[in-house]
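Summary of structural features
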Amino acid sequence: MIKDLEMIISAYASLPEKVEEGRKVFGKSLTLTEKILISHLAEPVQRAPERLKSYANFNPDRVAMQDATAQMALLQFIMAGREETAVPSTVH
């Protein structure tokens, strides 16, 4: 639980810096969706993405799964023999 809290605190501490970098790259104010996506990029945003050409890696801070797909994901997790998840996960 403490590890999860520390991860969340560090992720949100870097949010203003990442959003400001995104504003500079895009040259405009950002929507909430853009802010969320930019703040979860695995690498800092260098230039505006090009549709159908750019690829982005994200580091999620939480995974929410729906009932139907969660069953398969949980079974795969159990089969992998892991003791805990990399990020907090919930099933809805």
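Bringing the layout of surface pockets into the picture now. Approximately 570 Å³ is the volume found for the largest pocket. Taken together, 19 residues make up the lining of the largest pocket; nearest its centre are L41, V45, P49, Y55 and A56. With 3 residues, helix α3 (residues 32-39) is the single largest residue contributor to the lining of the largest pocket. A breakdown of the residues in the lining of the largest pocket according to their chemical character gives 11 nonpolar, 3 polar and 5 charged. By volume, the second largest pocket is sized at about 180 Å³. Lining the second largest pocket, in full, are M7, A11, Y12, L15, K18, S39, H40, L41, N59, P60, D61 and V87. Those elements giving two or more residues to the lining of the second largest pocket turn out to be α1 (2-13) and α2 (15-26). The residue inventory of the lining of the second largest pocket, partitioned by class, reads 7 nonpolar, 3 polar and 2 charged.

If you check the backbone angles, L52 has positive phi at about 65 degrees while not being a glycine. Inspection of the secondary structure puts L52 in the loop between α3 and β1 (63-65). Judged by relative accessible area, L52 falls into the exposed class, the value being 86%.

The next thing to look at is the environment of R62. Locating R62 in the fold gives a position in the loop between α3 and β1. On a C-alpha basis, the gap between R62 and P88 in space is 5.1 Å, while along the polypeptide they are 26 residues apart.

Evaluation of the coordinates by the stated rule reveals 3 salt bridges. Where R23 meets E20, a salt bridge forms, and the shortest distance between an N and an O atom there is 3.2 Å. Separated by 3 residues within a single helix, R23 and E20 lie in helix α2, roughly one turn from each other. On the basis of relative accessible area, R23 is assigned to the partly exposed category, the value being 32%. Residue R47 pairs with E50 through a salt bridge whose shortest N-O separation is 3.8 Å.

About the thresholds
Residues numbered from 1 in each chain as written. Predicted model: local features only at pLDDT ≥ 70, side-chain atom pairs only at ≥ 80, totals over all residues. Heavy atoms only, no water. 1 Å grid on protein atoms, 1.4 Å probe; cavity = no way out; pocket = protein on both sides within 12 Å on 5 of 7 lines; lining within 4 Å. Points joined across faces, edges and corners; volume = space filled by probe spheres on them. Helix = DSSP H or I, 4+ residues; strand = E, 2+ residues; numbered from the N terminus. Nonpolar A, V, L, I, M, F, W, Y, C, P; charged D, E, K, R; others polar. Buried < 20%, exposed > 50% of the residue type's maximum accessible area, 1.4 Å probe, protein only. Salt bridge = Lys/Arg side-chain N within 4 Å of Asp/Glu carboxyl O.

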